[in-house]
Every structure is written in structure tokens, then in C-alpha cells.
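# Fold and geometry: a report
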Amino acid sequence: MPRLSNGLLRHAFTINPLLPPLLRTCRTLPSAHNELRWLRQHVDARLETKFGRKKDIPALLRRRCVVNLVKKRAQGVPLQYLLGSQPFGDLDILCRKGVLIPRYDPTLFCPTQPPNTTSRQATEEYTYRLSSILLPTPSLRADQKRIRILDLCTGTGCIPLLLLSLLSPTLETTVTGVDISPTALALARLNTTHNSPPLTAAHARFTSGDVLASGSTLLDEMQRARRDDEGWYGDEKFDVVTANPPYISRLGFNRDTERSVRNFEPRLALVPAGDGGEEGRPEDIFYGKIVERAEGVGARILVMEVAGTEQAERVARIARGRGWGKVEIWRDFPDGVVGDRGEGRIGGDEGIGGRGVIGVEGELEGIMLRGVGEGRSVVCWRAVGEPASESRGDI
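Computed from a prediction, not measured in an experiment: that's the story for all the values here.

Conventions adopted
- Residues numbered from 1 in each chain as written.
- Predicted model: local features only at pLDDT ≥ 70, side-chain atom pairs only at ≥ 80, totals over all residues.
- Heavy atoms only, no water.
- Buried < 20%, exposed > 50% of the residue type's maximum accessible area, 1.4 Å probe, protein only.
- Helix = DSSP H or I, 4+ residues; strand = E, 2+ residues; numbered from the N terminus.
- Pairing = 2+ DSSP bridges.
- Right-handed = clockwise from strand over helix to strand, strands pointing away.
- Phe/Tyr/Trp six-rings, centres within 6.5 Å; stacked < 30°, edge-to-face > 60°.
- Lys NZ or Arg CZ within 6 Å of the ring centre and 35° of its normal.
- Axes fitted to C-alpha atoms, helices over the stretch in contact; angles between N-to-C directions.
- Parallel < 35°, antiparallel > 145°, perpendicular 65-115°, else oblique.
- Left-handed = near helix turned anticlockwise from the far one by under 90°.
- Contact = heavy atoms within 4.5 Å.
- Nonpolar A, V, L, I, M, F, W, Y, C, P; charged D, E, K, R; others polar.
- Salt bridge = Lys/Arg side-chain N within 4 Å of Asp/Glu carboxyl O.
- Core = buried A, V, L, I, M, F, W, Y, C linked by side-chain atoms within 4.5 Å.

### Let's talk about the pairing of strand β3 (residues 146-152)
For a regular strand, side-chain orientation follows a simple rule: the groups alternate between the two sheet faces. Here β3 lies mainly inside the structure; six of its seven residues are buried. Note that β3 and strand β4 (residues 172-179) share seven bridges and pair parallel. Bridging across to β4, Ile147 finds its partner in Thr173. For the handedness criterion, the β-α-β arrangement of β3, helix α7 (residues 158-167) and β4 is classed as right-handed.

### So, the packing of aromatic side chains
Two aromatic rings, taken as a pair, are described by how far apart their centres are and by the angle between their planes. For the coordinates displayed, the defined rule picks out zero aromatic pairs. Just above the ring of Trp330 sits the side chain of Arg129; from NZ or CZ to the centre is 5.2 Å.

### Focus on the packing of helix α12 (residues 285-296) against helix α13 (residues 309-321)
Between α12 and α13, the least distance of the axes is 10 Å, while the angle of their chain directions is 40°. Taken as axis vectors, α12 and α13 run oblique relative to one another. Taken as a pair, α12 and α13 cross one another with a handedness that is right-handed. From α12, Tyr287, Gly288 and Val291 reach across to α13, where they touch Gln311, Val315 and Ile318. In the contact of α12 with α13, the residues fall into four nonpolar, two polar and no charged.

### Focus on the pattern of salt bridges
Note that side chains of opposite charge can pair when their charged atoms are close. Inspection of the entire model under this criterion finds 15 salt bridges. Linking Asp56 and Arg53 is a salt bridge whose minimum nitrogen-to-oxygen distance equals 3.0 Å. Of the charged contacts, one joins Glu310 and Arg314 as a salt bridge, the two residues approaching to 3.6 Å between their closest N and O atoms. Highlighted residues: Glu310 and Arg314, both in helix α13, separated by four residues, approximately one helical turn. Taking relative accessible area as the criterion, Glu310 reaches 54% and is therefore assigned exposed.

### Digging into the environment of Gln86
Residue placement: Gln86 occurs in strand β1 (residues 85-88). Of the residues examined, Gln86 reaches a relative accessible area of 6% and is grouped as buried. Taking the C-alpha atoms as reference points, Gln86 and Arg103, separated by 17 residues in sequence, lie 8.1 Å from one another.

### Some points on the nonpolar core
Counting residues in hydrophobic clusters, the biggest one holds 38 residues, and the most contacted among them are Leu302, Met304 and Val378. Among the secondary structure elements, those contributing two or more residues to this core are β3, β6 (240-243), α12, β7 (301-305), α13, β8 (326-333), β12 (367-370) and β13 (372-381). Element by element, the count of residues in this core is highest for α12, at six residues. With near-sequence residues (within four places) excluded, Leu302 lies in contact with Val241, Ile290, Val291, Ala294, Trp324, Val378, Val379 and Cys380. Ranked by size, the runner-up nonpolar core spans 31 residues in total, among them Tyr128, Ile133, Leu164 and Val379.

### A word on unusual backbone geometry
Along the chain, Ser196 connects to Pro197 via a cis peptide bond; the corresponding omega equals -15°. The phi torsion at Cys153 lies on the positive side, around 60°, for a residue other than glycine. In this fold, Cys153 is placed in the loop between β3 and α7. With relative accessibility at 17%, the residue Cys153 sits in the buried group.

Written out as C-alpha cells, the structure reads:
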């Protein structure tokens with residue numbers, strides 16, 4: 001990471017003495033400006049609940065609170081932990097220490113992309129696209145008026161909760177999130193009530209489970225969860241399975257992620273444990289199990305988030321090897337198109353080069369690469385009424 005110039009730091013100090021500390025993390029002056037503004041707004045909102053009116057807040061107390069937050073941010077504490085939440089679609093997702101923050105690709109962690117930006121991040125993009133496919137396609141659900149969604153490695157619960165928000169006005173929607181972390185499960189449940197309305201706890205449940213466990217071990221965990229909170233215990237069927245598992249290698253975590261991520265966010269949610277086993281690469285260890293779980297619950301569509309195009313091709317190979325008939329790779333912006341000069345354009349599903357096919361023969365033959373940006377999710381379909389091992393062709 002390049003050092004900040006003395007000229008930039010002096011210029012920032014002349015604007016506001018609190019900007020240079022923020023520059024250590026933000027790296028650019030516009031981002032530092034934005035973060036300082038959000039921190040001030042956060043302090044004002046908190047103090048207004050205590051004093052009633054903004055003009056009644058003691059100026060010295062307000063400044064002391066802002067300075068304290070700036071110091072924490074300069075030490076690398078994620079902004080979302082300080083502000084307490086992160087916008088995700090139309091939802092306000094609460095963020096707490098010990099649970100991964102929903103943000104743009106964690107292999108990048110670009111500090112210049114602030115949390116309250118109006119542009120959607122990649123996870124939001126494929127969630128919106130998935131909902132737009134599920135609504136008009138009755139063949140992707142067993143009941144014409146009802147849809148059941150299972151989210152593995154759910155974290156904050158942002159993906160199933162956003163799907164619930166998008167689908168429930170039209171379809172009776174139930175979502176189930178599974179995570180190994182009790183801290184994450186507690187936060188996911190809190191996010192349900194925090195966003196109610198439109199969300200309701202009657203249609204969202206979160207339960208403990210280890211995706212990597214053997215079938216019998218996972219079943220035992222789910223049975224215990226059912227006794228505790230009436231959660232799913234392994235014998236239900238679901239129409240849709242989504243998953244955003246740990247997918248960063250140990251080398252990538254130490255070399256590529258931002259300092260604040262390494263120091264403050266849970267490694268468990270980013271780096272898979274183990275040596276990769278039969279899947280070959282440690283960062284791919286979850287995907288074979290996720291495909292297996294999706295088959296076990298009868299899912300008709302499976303969406304798995306990945307780190308980039310290279311990993312997406314490996315995961316697509318895993319899914320294709322298990323017989324999922326239609327497999328696509330969605331880029332950061334799956335609805336974007338590529339122009340005839342190679343530039344990306346957001347919006348629209350057709351256009352010159354807007355959709356590509358990777359692999360001319362073998363395991364990747366005919367897999368669609370959709371949109372613009374890096375490969376961000378692998379999407380798999382299977383034909384209605386057929387086991388995944390027998391499915392071939394389009395839905």
C-alpha cells in the first residue's frame with residue numbers, strides 16, 4: 001500500500017484536523033470526508049435520543065464522541081462496526097463484532113467504497129437477479145404460491161432476509177439460515193426484528209449447523225436445534241439454496257485483505273479450515289458439501305458466491321460433475337453487458353458480448369458467463385422431478 005504524502009496530510013489537516021487520522025484507513029480525501037460525515041451523523045442520532053433535540057447536545061460532548069470514533073477508525077475498526085449497520089438492498093443490516101460485514105467482494109475490501117453508497121454490491125446484485133428469476137418461474141418451486149429458501153453460512157442473514165423482503169409481497173416465502181456461529185445466528189435473528197416490518201420472524205428462522213459435517217452429524221445438530229427453537233433439522237425440502245461460504249485461501253487472507261479485516265473481522269467466516277480434501281484446494285472445500293446439501297433438500301436452484309472467475313470455474317466444474325444440467329457464472333453485475341469495444345455497461349441482459357460461454361469442450365462446455373466484472377456466483381439449475389445426477393438441459 002503506497003504511503004500517504006505529507007502534502008495530502010497537511011491539506012487534509014487544514015480542512016479538518018480529524019481528516020488525517022481517517023486517511024490512514026480511507027486512503028483518499030473524499031472517502032475520509034464521507035466517513036467523518038457519517039460518524040458525525042451517527043453521534044448526533046445517538047445523542048438526540050438522550051437529549052431530545054440536536055441544539056440541546058453539549059458541543060464538547062459531541063466533539064468528544066466524534067473524536068473517540070475517529071480514533072477507533074484510525075486503528076482500523078471497520079466503519080460498519082462503529083455505525084452499527086450496513087445498508088443491504090432496502091434493509092438496514094445490523095453489524096456486530098464477531099460477524100462478517102456484508103460488503104463488496106471480501107478478496108478486495110476496497111476502502112474507497114463506503115458503506116452508505118448508492119451503488120449495489122455484488123452480493124446484492126445476484127440476490128436481486130435471483131428474486132427476478134424466482135418470481136415469474138413457477139417450475140422453480142414445488143408449490144405455485146409458496147417458496148422455501150435455505151441459506152447456508154448465513155452470517156448476518158442479509159441474503160435470505162433480502163429475498164424474503166423481495167418475494168413475500170407476491171409469494172408466501174419462508175427462509176431458513178444455517179450457521180456454525182452462535183454470534184452470527186443471534187445477529188441474524190436480531191436483523192429480522194430490526195427490519196420488521198416488512199420482515200416477520202414467523203417467516204424467517206435461523207439455526208445452528210456445520211455445513212462440513214457428515215450427514216449424520218448434521219442431522220444430530222438439526223434435531224437438537226428443533227428441540228431448542230423449532231428450527232430445520234434436516235428432513236425438510238427447499239426450493240432454493242443460497243450460500244456465501246468462507247472462500248479465501250490462507251495466503252490470500254494474509255496477502256490481499258485489508259488490515260482492518262485481518263484484525264477485526266472473524267477469520268472463521270473468511271478462510272476455510274482444513275486442507276481441501278478431495279476438492280483439491282483449501283478455499284474450495286465448502287462447495288462440494290454445499291452442492292451435496294442442495295441435492296439432499298431437493299433444491300431446484302442453487303446459488304453459491306465465489307471469490308472470482310478462476311474459482312467460479314472450479315466450482316462450476318464441481319456442480320457439472322454432479323450432474324446439474326444448467327450452470328451459469330454470474331459476474332459482479334449479472335445484468336450488465338459488454339460493448340463492442342470491451343467496455344462494461346450496467347443495465348440490460350443482451351448486447352454485443354454481453355453473454356459469453358466458457359469452455360468449448362469437457363467439463364465446462366456450454367457454461368454461460370453472464371454480465372460484467374469478475375465472476376461472483378455460480379448458479380445451478382436442475383429439471384423439475386429429476387435428481388441432480390440425471391438433470392440435463394435448460395429449465
